[in-house]
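# Coordinates in review
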Amino acid sequence: MSNLYEQKKREWEKHQRLLSWHDRKHEAFLALVAMGDAIVPNILRDIEREPNWIFLALSEIYQDGPDLPDLPDLRDVAGQLRPMCERWVVWGREKGITW
């Protein structure tokens, strides 16, 4: 699963470089979300090391995640990437998820 996670994450990130918004309907992103709980430790590990918009997949997998701004256009919160990722990392620890 880890290799598939890395592959789909790279595909989505490559796609994102071409956009000024975060495409949550891209095939690779949807594949990540479909992996569900199995990839959550991978995402938490990645966003703890280096904040990344991949945290958006966590918002799709878990409806009970941390409180984040409800903004359909996340371009407006680019400066908030680190704090949003940090909230997810804290949330993961509180839920007992290990990575």
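It should be noted that the structure appears before, not after, this text.
Residues numbered from 1 in each chain as written. Predicted model: local features only at pLDDT ≥ 70, side-chain atom pairs only at ≥ 80, totals over all residues. Heavy atoms only, no water.

### Quick notes on the packing of helix α1 (residues 2–16) against helix α3 (residues 40–49)
α3 packs onto α1 with a crossing angle of 55° between their chain directions and a minimal axis gap of 10 Å. In terms of orientation, α1 and α3 fall into the oblique class. Here the hand of the crossing between α1 and α3 comes out right-handed. Residues Ser2, Tyr5, Glu6 and Lys9 of α1 pack against Asn42, Ile43, Arg45 and Asp46 of α3. When the residues that make up the contact of α1 with α3 are grouped by side-chain class, the tally is two nonpolar, two polar and four charged. (Axes fitted to C-alpha atoms, helices over the stretch in contact; angles between N-to-C directions. Helix = DSSP H or I, 4+ residues; strand = E, 2+ residues; numbered from the N terminus. Parallel < 35°, antiparallel > 145°, perpendicular 65-115°, else oblique. Left-handed = near helix turned anticlockwise from the far one by under 90°. Contact = heavy atoms within 4.5 Å. Nonpolar A, V, L, I, M, F, W, Y, C, P; charged D, E, K, R; others polar.)

### Side note on the nonpolar core
The biggest cluster of nonpolar side chains holds 26 residues, and the ones touching the most others in it are Ile43, Ile47, Phe55, Leu58 and Trp88. Of all elements in the fold, only α1, α2 (27–35), α3, α4 (56–61) and α5 (81–94) reach the threshold of two or more residues within this core. The element that contributes the greatest number of residues to this core is α5, accounting for six residues. (Core = buried A, V, L, I, M, F, W, Y, C linked by side-chain atoms within 4.5 Å. Buried < 20%, exposed > 50% of the residue type's maximum accessible area, 1.4 Å probe, protein only.)

### Examining the packing of aromatic side chains
One pass over the structure, following the stated rule, counts three aromatic pairs. On the numbers, 5.7 Å between centres and 35° between planes, the contact of Trp53 with Phe55 is tilted. In this structure Trp53 comes out as buried when scored by relative accessible area, which is 15%. Classification of Phe55 by relative accessible area gives buried; the value is 1%. Chaining the aromatic ring pairs together yields one cluster made of Tyr62, Trp88 and Trp91. (Phe/Tyr/Trp six-rings, centres within 6.5 Å; stacked < 30°, edge-to-face > 60°.)

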